[in-house]
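Residues per chain are reported as follows:
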Amino acid sequence: MASCPLTAEESGIRGYWLEPSGAIIRIAPCAQRLCVWIVALPSGDHPRTDVHNPDPTLRERSLCGLRVGREFVESDPQHADSGSLYDPKSGRTYSGALRAEANQLHLRGYVGLKIFGRTETWTRTQAATSLCVAK
């Protein structure tokens, strides 16, 4: 993915987001839905590969460029639901919902019902000057 400025199509939930550990995430269309990718990793002592994946054959794949969300249905520019989220920190996959409010994105991961989940808040950011590329 090349670095590019935020466009009108990348407002609401679309665009670049800084998650709490410092990774930059991009939400953008893929096929008829929205997907979520890791586009930049934080500096420091963090895994660079998918070491917690339950499938041992995938543990060496790079986190750079990894699609961690898929199949989100955008109900309006501020909301998307019915997607799935992969958490590379735990190796688990959850159902997910996204909600944007100003420069914050509230990402809800859950199992079964939304009440049995956890919300993480991300902050809107610009694309990193050097985006990672999947190998």
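Within every chain, residues take consecutive numbers counted from 1 along the sequence as written. Per-residue local features are limited, in this predicted model, to residues with pLDDT of at least 70; the limit for side-chain atom pairs, both in listing and counting, is 80 or more; totals at the level of whole chains, interfaces and linings are taken over all residues. Values shown for side chains rest on all heavy atoms present in the structure; no hydrogens or waters enter the calculation.

1. Some remarks on a nonpolar patch on the surface
Only residues whose relative accessible area exceeds 30% and that take part in no salt bridge are eligible for patches, with like-charged residues grouped when within 9 Å of each other and nonpolar side chains (Val, Leu, Ile, Met, Phe, Trp, Tyr) grouped when within 5 Å. All accessible areas in this document rest on Shrake-Rupley with a 1.4 Å probe, and a residue is counted as covered only by the protein chains that are shown. Salt bridge, as applied in this entry: a Lys or Arg side-chain nitrogen positioned within 4 Å of an Asp or Glu carboxyl oxygen. Residues Leu-113, Ile-115 and Phe-116 make up a contiguous nonpolar surface patch of about 370 Å² in total accessible area. Only runs of H or I of at least four residues qualify as helices and only runs of E of at least two qualify as strands under DSSP, and these elements are numbered from the N terminus. With respect to the helices, strands and loops of the structure, Phe-116 is situated in the loop between strand 7 (104–110) and strand 8 (117–124).

2. Re the packing of aromatic side chains
Each Phe, Tyr or Trp ring (for Trp, its six-membered ring) is paired with any other whose centre lies within 6.5 Å, and the angle between the two planes then decides the class: stacked below 30 degrees, edge-to-face above 60, tilted in between. Under the criterion given, the structure shown has 0 aromatic pairs. Sitting over the face of the ring of Tyr-86, Arg-61 holds its NZ or CZ atom 5.8 Å from the ring centroid. Whether a charge sits over a ring depends on NZ of Lys or CZ of Arg being within 6 Å of the ring centre and within 35 degrees of the ring normal.

3. Things to note about the confidence of the model for the chain
Regions with low pLDDT should not have their predicted coordinates read in detail. pLDDT is defined as a per-residue confidence score from the predictor, taking values between 0 and 100. Looking at the chain as a whole, the pLDDT averages 88, with 87% of positions reaching at least 70. Only heavy atoms matter for contacts: two residues are in contact if any of them lie within 4.5 Å across the pair. A low-confidence stretch, residues 1–9 (pLDDT under 50), is modelled with 18 contacts involving residues beyond four sequence positions or located in other chains.

4. Concerning the pairing of strand 8
Here the rule is simple: two strands pair whenever DSSP picks up at least two bridges between them. Bridge count for strand 1 (residues 15–18) against strand 8 is 2 bridges, and the pairing is antiparallel. Across the sheet, the residue bridging to Trp-17 is Arg-124, located in strand 8. Between the end of strand 7 and the start of strand 8, which pair antiparallel, lie 6 residues, with Gly-112 showing a positive phi angle near 80°.

5. Describing the side chain of Glu-19
Relative to the helices and strands, Glu-19 is located in the loop between strand 1 and strand 2 (24–30). Polar side-chain contacts of Glu-19 include one of 3.4 Å to the side chain of Lys-89. Filtering out sequence-adjacent residues up to four positions away, Glu-19 remains in contact with Ile-25, Lys-89, Glu-120 and Trp-122. Within 3.5 Å is the distance limit for a polar contact, defined as a pair of N or O atoms, with the added protein rule that one can donate a hydrogen and the other accept it, and that residues adjacent in sequence qualify only through two side-chain atoms.

6. Quick look at the sheet that holds strand 6 (residues 92–101)
With respect to topology, 8 strands assemble into a closed barrel ordered 1-2-3-4-5-6-7-8, the strand pairing being antiparallel. On average, adjacent strands in this sheet sit at an angle of 35° to one another, irrespective of strand direction. Here strand 5 (residues 79–87) pairs with strand 6 via 7 bridges, running antiparallel. From the neighbouring strand, Ser-84 faces strand 6, where its bridge partner is Ser-95. To get an axis, fit a line to the C-alpha atoms, keeping to the stretch in contact for a helix; angles then go from 0 to 180 degrees between the N-to-C directions.

7. Some points on the nonpolar core
By nonpolar core we mean a set of buried residues, namely Ala, Val, Leu, Ile, Met, Phe, Trp, Tyr and Cys, connected to one another through side-chain atoms within 4.5 Å. Any residue under 20% of the maximum accessible area for its type is buried, any over 50% is exposed, and the rest in between are partly exposed; the area is computed with a 1.4 Å probe on protein chains only. Counting 20 residues, the largest nonpolar core has Ile-13, Ile-27, Val-36, Phe-72, Leu-98, Leu-105 and Trp-122 as its most contacted members. Breaking this core down by element, the ones donating at least two residues are strand 2, strand 3 (33–40), strand 4 (67–76), strand 5, strand 6 and strand 7. Discounting chain neighbours no more than four positions away, the residues touching Ile-27 are Ile-13, Arg-14, Gly-15, Trp-17, Leu-34, Cys-35, Val-36, Leu-98 and Leu-105. Formed by 9 residues, the second largest nonpolar core is a distinct cluster that contains Tyr-16, Cys-30, Val-39 and Ala-40.

8. Structural notes on the pattern of salt bridges
Scanning all chains against the criterion turns up 7 salt bridges. Note that Arg-61 is salt-bridged to Asp-50, the shortest N-O span being 2.9 Å. Remark: Asp-50 occurs in the loop between strand 3 and strand 4 and Arg-61 occurs in the loop between strand 3 and strand 4; sequence separation between them is 11 residues. Residue Asp-50 is classed as buried on the basis of its relative accessible area of 0%.

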